[in-house]
Amino acid sequence: MTARLGGTALPGKRARALERAKRLEWISLGYLATCVVIVYLVMGNSQAMKVAWIEDLLSLIPPIAFLLAIRHARKKADRIHPYGHHRAAASGHLASAVALLAMGVFLVLDSGSGLLAGEHPTIGTMRILGHTVWAGWPMIAAMVYTGVGPVILGRLKLPLSEALHDKVLYADAEMNKADWQTAGAAIVGVLGIGIGLWWADSAAALLIAVSILKDGVSGVRAAIRDLADTRVRTHDDSEPHPLIAQAEEVLRGQTWVAEGAVRIRDLGHVFHAEAFVVPHRPRRVDVALLEEAREALEGLDWKMADVVVIPVREIPRALRG
């Protein structure tokens with residue numbers, strides 16, 4: 001199986017990961033659509049259920065952003081976009097994070113005001129198949145349904161996000177993994193109303209809102225860091241990417257290089273790398289040596305898609321040490 005992202009051909013394993021990721025995101029969209037409908041039908045007056053419903057709506061954004069970004073990133077570089085269209089992934093990451101942040105702020109204020117105002121929501125009864133039941137039971141069943149699926153999907157997406165170096169997919173997977181917390185909080189809120197603890201519902205809603213806000217803040221921070229061309233990091237932003245050290249080791253292994261340093265820019269899925277080398281004998285450096293070094297760097301990893309090697313008299317100050 002072959003696949004391309006712009007001018008970059010993905011190795012077989014990565015190509016299969018991309019196709020699987022797209023299938024999982026389409027499955028996520030279908031599943032989340034059913035969650036939105038089911039929760040809307042049963043949420044009643046519960047503040048926690050309302051916030052959980054809004055979170056289900058927000059959960060549609062990352063899969064859509066991923067699918068649109070992948071579609072856009074397939075375009076090849078041109079004179080207007082000399083680095084290609086890989087930044088679509090970073091743009092999608094920022095868009096989904098900003099949506100989460102904005103809605104998180106709104107929901108924290110809304111839920112917090114309800115708690116301070118001492119609102120007393122009620123849960124009545126409903127008719128199901130000719131029987132009258134407490135409306136809280138369908139709410140709890142809906143939360144179980146919405147909580148189990150995302151956890152499974154999230155765990156399936158995590159290794160794919162690493163294989164593709166896709167931060168939108170990683171953020172989506174992390175949100176999915178945490179959805180059981182939302183479902184659990186909503187269930188506690190509904191049960192709280194049932195036993196007369198009026199504040200439990202608003203408290204659960206506030207807890208869910210804070211979780212949404214936290215995801216938004218961390219997502220915006222990571223997206224801005226990438227768009228600002230900070231030092232390239234791993235797909236989960238946990239540490240500097242190991243390709244930096246590996247690339248500099250390759251440069252030091254070139255017999256004609258006295259000193260070398262690498263500056264890598266994260267374009268979304270692939271990297272643009274600028275390798276600065278101080279030759280032992282500057283006058284004896286020719287195109288063949290530079291090409292050999294460039295090919296060695298590109299051979300490190302499929303993500304090293306755009307590499308330039310620049311002979312200099314000294315390493316740029318920002319890259320020293």
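First, a word on what this report is: a plain description of the structure on this page. (Residues numbered from 1 in each chain as written. Predicted model: local features only at pLDDT ≥ 70, side-chain atom pairs only at ≥ 80, totals over all residues. Heavy atoms only, no water.)

### Some words on unusual backbone geometry
Then, number 1: In this model, aspartate 229 sits at a positive phi of 60°, which is unusual for a non-glycine residue.
Then, number 2: The backbone of aspartate 237 shows a phi angle near 60°, a positive value even though the residue is not glycine.

### A look at the pairing of strand E5 (residues 257–266)
Then, number 1: Sheet topology places E5 next to strand E6 (residues 271–279); nine bridges connect them, and they run antiparallel. From the neighbouring strand, isoleucine 264 faces E6, where its bridge partner is alanine 273. (Pairing = 2+ DSSP bridges. Helix = DSSP H or I, 4+ residues; strand = E, 2+ residues; numbered from the N terminus.)

### Overview of the packing of aromatic side chains
Aromatic rings in a pair are described by how distant their centres are and how their planes are angled relative to each other.
Then, number 1: Inspection of every chain in the model, using the stated rule, returns three aromatic pairs.
Then, number 2: Their ring planes at 85° and their centres at 5.4 Å tell us that tryptophan 134 and tryptophan 137 sit as a pair that is edge-to-face.
Then, number 3: Residue tryptophan 137 is classed as exposed on the basis of its relative accessible area of 53%.
Then, number 4: Against the face of tyrosine 83 rests arginine 265, its NZ or CZ located 5.2 Å from the ring centre. (Phe/Tyr/Trp six-rings, centres within 6.5 Å; stacked < 30°, edge-to-face > 60°. Buried < 20%, exposed > 50% of the residue type's maximum accessible area, 1.4 Å probe, protein only. Lys NZ or Arg CZ within 6 Å of the ring centre and 35° of its normal.)

### Some points on the pairing of strand E4 (residues 131–134)
Side-chain direction in a regular strand flips from residue to residue, so the side chains alternate between the two faces of the sheet.
Then, number 1: Examined bridge by bridge, strand E3 (residues 125–128) and E4 share four bridges and lie antiparallel to one another. Counted as the bridge partner of isoleucine 128 is histidine 131 from E4.
Then, number 2: Joining the antiparallel neighbours E3 and E4 is a turn of two residues, in which leucine 129 adopts a positive phi near 50°.

### Quick look at the environment of valine 257
Then, number 1: Positionally, valine 257 belongs in strand E5.
Then, number 2: Put simply, valine 257 and tryptophan 26 are 231 residues apart on the chain and 49 Å apart in space, counted from C-alpha to C-alpha.
Then, number 3: Apart from the residues lying within four places of it in its own chain, the contact partners of valine 257 are Leu251, Val277, Val278 and His280. (Contact = heavy atoms within 4.5 Å.)

### Observations regarding the pattern of salt bridges
Then, number 1: One pass over the full model with this rule turns up 14 salt bridges.
Then, number 2: The partner of glutamate 25 in a salt bridge is lysine 157, and the shortest N-O contact between them spans 2.9 Å. Of the two residues, glutamate 25 is situated in helix H1 (residues 12–42) and lysine 157 in helix H5 (residues 136–164); the sequence distance between them amounts to 132 residues. For the pair glutamate 25 and lysine 157, a shared accessibility class is recorded, and that class is buried.
Then, number 3: A salt bridge links aspartate 229 to arginine 265; its shortest N-O distance comes to 3.5 Å. Residue aspartate 229 is located in the loop between helix H7 (198–227) and helix H8 (243–252), and its partner arginine 265 is located in strand E5; the two are separated by 36 residues in the primary sequence.
Then, number 4: Look at arginine 265 and you get partly exposed, because its relative accessible area is 24%. (Salt bridge = Lys/Arg side-chain N within 4 Å of Asp/Glu carboxyl O.)

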